[in-house]
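Understanding the architecture of this molecule
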Amino acid sequence: MRASKFPRFVSRLDVGGLTIANRVFLAPMSGVTDAPFRRLAARLGAGLVVSEMTACAALAAGKRDAKLRVEASGTGYHVVQIAGCEARWMAEGARIVADCGAAIIDINMGCPARHVTNGWSGSALMRDLDQAISLVDATVAAAPVPVTLKMRLGWDDHSVNAPELARRAQGSGVKLITVHGRTRCQFYKGSADWTAVRAVKQAVSIPVVVNGDIMTCYDADTALARSGADAVMIGRGAQGRPWFPGQVARYLAGCPLEGPPGLAAQLELIRVLYEEMLCHHGERIGVKHARKHVGWALDTAAKTAGAACETLRDLRSRVLTAPSPRETLCRLAEAFDVLSSRARDREAAA
């Protein structure tokens, strides 16, 4: 079994004087990385987990959903990602999340969504580095905790300016840089360019994290080798697999490659996550947030069991149309029974 090329990643990482347990982070994902999911990923071994992106103006206005997004998960360092386009709101947002217990504040300059970039937030700021740095300056000045920055390679292929933004951000006091290896105009198309992140690493002396398309432990090895980064951040690779960041961390520390948990363990994880999401958001909103996680859990379980596409389609349809949370959990357990039976049949036939 192949060992990681990076056994040195057994060492911890310093971020602004804070020691991070390992070098594999869970990415901020809107509608995904709420407190229950972050808590689960951290319990399963992620070195750092980051909140959903939260608009500073919404925080300052006291909106309930914004306050819920910055609620601590209760495990490890509390990292909150904020976004905005005005220095005064970034400063106010930084003060609010620090008062809520944030140990690290991350600035979003990587979100490619049109409803964000049309307001000159997220990755739109990579089109105006002076404006971007004014927001960094305001955040750093207001924050009593380390400030980090997440970005893309640039706006498009003609303006790959991540190294310059990273260098200027370091000069303004940012303590860590995360780079998604695509431009904004790529959205999530094509493949992440991990090699392009190396130019950012060469431009700064603070830690750099590589992000994008890390779906296997071998991907993590390759991303680190090509980028020269100090850590990896996993986003979509953790959807339906909250254990994956922890597995990557152990692999990079020199431990043997791990397979997915057994189906019984997977069922227990999604059951607990489902119940905690309903408790966190309230039942009416919680079922909507949890639904996507249930679907991803079924996808992962079907792959683990080697089930046919038709079986997965039928199970998803039955579970995701359940009329109540109680019925959802009953149908989910029945679905996992079916998948366990398929797995036993496959093993018997092997």
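Residues numbered from 1 in each chain as written. Predicted model: local features only at pLDDT ≥ 70, side-chain atom pairs only at ≥ 80, totals over all residues. Heavy atoms only, no water.

**What about the pattern of salt bridges?**
- The full count for this structure, using the stated rule, is 15 salt bridges.
- Among the ionic pairs, E86 bridges to R88, the shortest N-O distance being 3.3 Å.
- Look at E86 and you get partly exposed, because its relative accessible area is 33%.
- The exposed category is assigned to R88, whose relative accessible area is 53%. (Salt bridge = Lys/Arg side-chain N within 4 Å of Asp/Glu carboxyl O. Buried < 20%, exposed > 50% of the residue type's maximum accessible area, 1.4 Å probe, protein only.)

**Thoughts on the pairing of strand β7 (residues 104-109)**
- Burial analysis of β7 places 6 of its 6 residues in the buried class, which makes it a mostly covered element.
- The side-chain alternation of β7 yields two buried faces, one formed by I104, D106 and N108 and the other by I105, I107 and M109.
- Looking at chain direction, strand β6 (residues 79-83) and β7 are connected through 4 bridges and run parallel. Each residue of the ladder has a partner; that of V80, found in β7, is I105. (Helix = DSSP H or I, 4+ residues; strand = E, 2+ residues; numbered from the N terminus. Pairing = 2+ DSSP bridges.)

**A closer look at the packing of helix α11 (residues 263-281) against helix α12 (residues 283-305)**
- Taken N-terminus to C-terminus, the directions of α11 and α12 make an angle of 170°; their axes are 8 Å apart at the nearest point. The angle between α11 and α12 places the two elements in the roughly antiparallel class.
- Within the contact of α11 with α12, the residues separate by chemical class into 13 nonpolar, 7 polar and 1 charged. (Axes fitted to C-alpha atoms, helices over the stretch in contact; angles between N-to-C directions. Parallel < 35°, antiparallel > 145°, perpendicular 65-115°, else oblique. Nonpolar A, V, L, I, M, F, W, Y, C, P; charged D, E, K, R; others polar.)

**With respect to the nonpolar core**
- One finds I82, L149, M151, L165, I177 and V248 to be the most contacted residues of the largest nonpolar core, which totals 95 residues.
- Residues contacting L149, with those up to four places away along its chain left out, are D106, I107, M109, L165, A169, V174, L176, I177 and T178.
- Grouped together as the second largest cluster of nonpolar side chains are 15 residues, L18, F25, L48 and V79 included. (Core = buried A, V, L, I, M, F, W, Y, C linked by side-chain atoms within 4.5 Å. Contact = heavy atoms within 4.5 Å.)

**Some details on the side chain of H78**
- Along the chain, the position of H78 falls in the loop between α3 (64-69) and β6.
- The buried category is assigned to H78, whose relative accessible area is 8%.
- A polar atom in the side chain of H78 sits 2.7 Å from the backbone oxygen of V70.
- Excluding residues within four positions of it along the chain, H78 makes contact with R38, V70, E71, A72, S73, C100, G101, A102, A103 and I104. (Polar contact = N/O pair within 3.5 Å; in protein donor to acceptor, adjacent residues only side chain to side chain.)

**Considering the sheet that holds β7**
- Spatially, β4-β3-β11-β10-β9-β8-β7-β6-β5 is the arrangement adopted by the 9 strands of the open sheet, whose pairing is parallel. In this open sheet, the two edge strands, each paired with only one partner strand, are β4 (48-49) and β5 (54-55).
- As paired elements, β7 and strand β8 (residues 147-152) share 5 bridges and run parallel to each other. Within β8, the residue paired with I107 across the bridge is L149.
- Packing of helix α10 (residues 244-252) onto the sheet brings it into contact with β3 (24-26) and β11 (231-234), and relative to β11 it is tilted by some 160°.

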